[in-house]
Amino acid sequence: MATKKTQNYRSSSSGQFIVGAKASTKISGVEGLRPSKEMRATFGNFEKMGLSSEARRTILKDKYGKKG
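Residues numbered from 1 in each chain as written. Predicted model: local features only at pLDDT ≥ 70, side-chain atom pairs only at ≥ 80, totals over all residues. Heavy atoms only, no water.

Engineer: Hey, could you run me through the packing of helix α2 (residues 37–49) against helix α3 (residues 53–64) in this one?
Structural biologist: It is the contact of α2 with α3, at a shortest axis distance of 11 Å, that shows an interaxial angle of 150°. When the axis of α2 is compared with that of α3, the two are roughly antiparallel. Pair α2 / α3 crosses with right-handed handedness. Listed contacts from α3 to Glu38, Met39, Thr42, Phe43, Phe46 and Glu47 of α2 are Arg56, Ile59, Leu60, Lys63 and Tyr64. Partitioning the contact of α2 with α3 into residue classes produces 6 nonpolar, 1 polar and 4 charged. (Axes fitted to C-alpha atoms, helices over the stretch in contact; angles between N-to-C directions. Helix = DSSP H or I, 4+ residues; strand = E, 2+ residues; numbered from the N terminus. Parallel < 35°, antiparallel > 145°, perpendicular 65-115°, else oblique. Left-handed = near helix turned anticlockwise from the far one by under 90°. Contact = heavy atoms within 4.5 Å. Nonpolar A, V, L, I, M, F, W, Y, C, P; charged D, E, K, R; others polar.)

Written as structure tokens, this is what we have:
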């Protein structure tokens, strides 16, 4: 039986690796972190809206960041 190969992506502008949502969830699971229903819905909405990573970070900082 052939094994399924995974593809790693690297940003051409920054040279950093890009980790997808499924891989990120698996990495977090190893660390004992589980996303809540609210977080899964938030990330799902990001995908539907097609937001850039910078826009996603801004929304998350506004929503969960320290206030004043």
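Back to the text.
Engineer: Please explain the pattern of salt bridges as it appears in this structure.
Structural biologist: Close approach of charged atoms allows side chains of opposite charge to pair. The tally for this structure, following the rule as stated, stands at 3 salt bridges. The residue Glu47 makes a salt bridge to Arg56 at a minimum N-O spacing of 3.1 Å. The salt bridge involving Glu54 is made with Arg57; its shortest N-O contact spans 3.1 Å. In this pair, Glu54 and Arg57 are both assigned in helix α3, 3 residues apart and thus about one turn of the helix distant. For Glu54, a relative accessible area of 45% corresponds to the partly exposed category. Accessibility expressed as a relative area gives 40% for Arg57, which makes it partly exposed. (Salt bridge = Lys/Arg side-chain N within 4 Å of Asp/Glu carboxyl O. Buried < 20%, exposed > 50% of the residue type's maximum accessible area, 1.4 Å probe, protein only.)

Engineer: Would you mind going over the environment of Tyr64 with me for this structure?
Structural biologist: On the secondary structure map, Tyr64 appears in helix α3. Under the relative-accessibility criterion, Tyr64 is labelled partly exposed at 43%. If sequence neighbours within four positions are ignored, Tyr64 has contacts with Glu38 and Met39.

Engineer: Whenever I open this one, α2 confuses me. Can you help?
Structural biologist: Residues three or four positions apart in an α-helix share a direction because the helix packs 3.6 residues into each turn. In a regular helix each residue adds 1.5 Å, so 13 residues correspond to 18 Å; α2 covers 18 Å between its end C-alpha atoms and thus fits that length. When α2 is considered as a whole, its buried residues turn out to be Met39, Thr42 and Phe46. Down the axis of α2, the sector holding all buried residues measures 60°, keeping them to one side. Residues Lys37, Glu47 and Lys48 are exposed on α2 and point more than 90 degrees away from its buried face. Looking at the buried positions of α2, the neighbouring elements they touch are α3. Directly beyond the C-terminal end of α2, a positive phi value near 70° is found at Gly50. (Expected span 1.5 Å × (residues − 1). Arc of directions from axis to C-beta.)

Remember, this is a structural readout, not a statement about activity or role.
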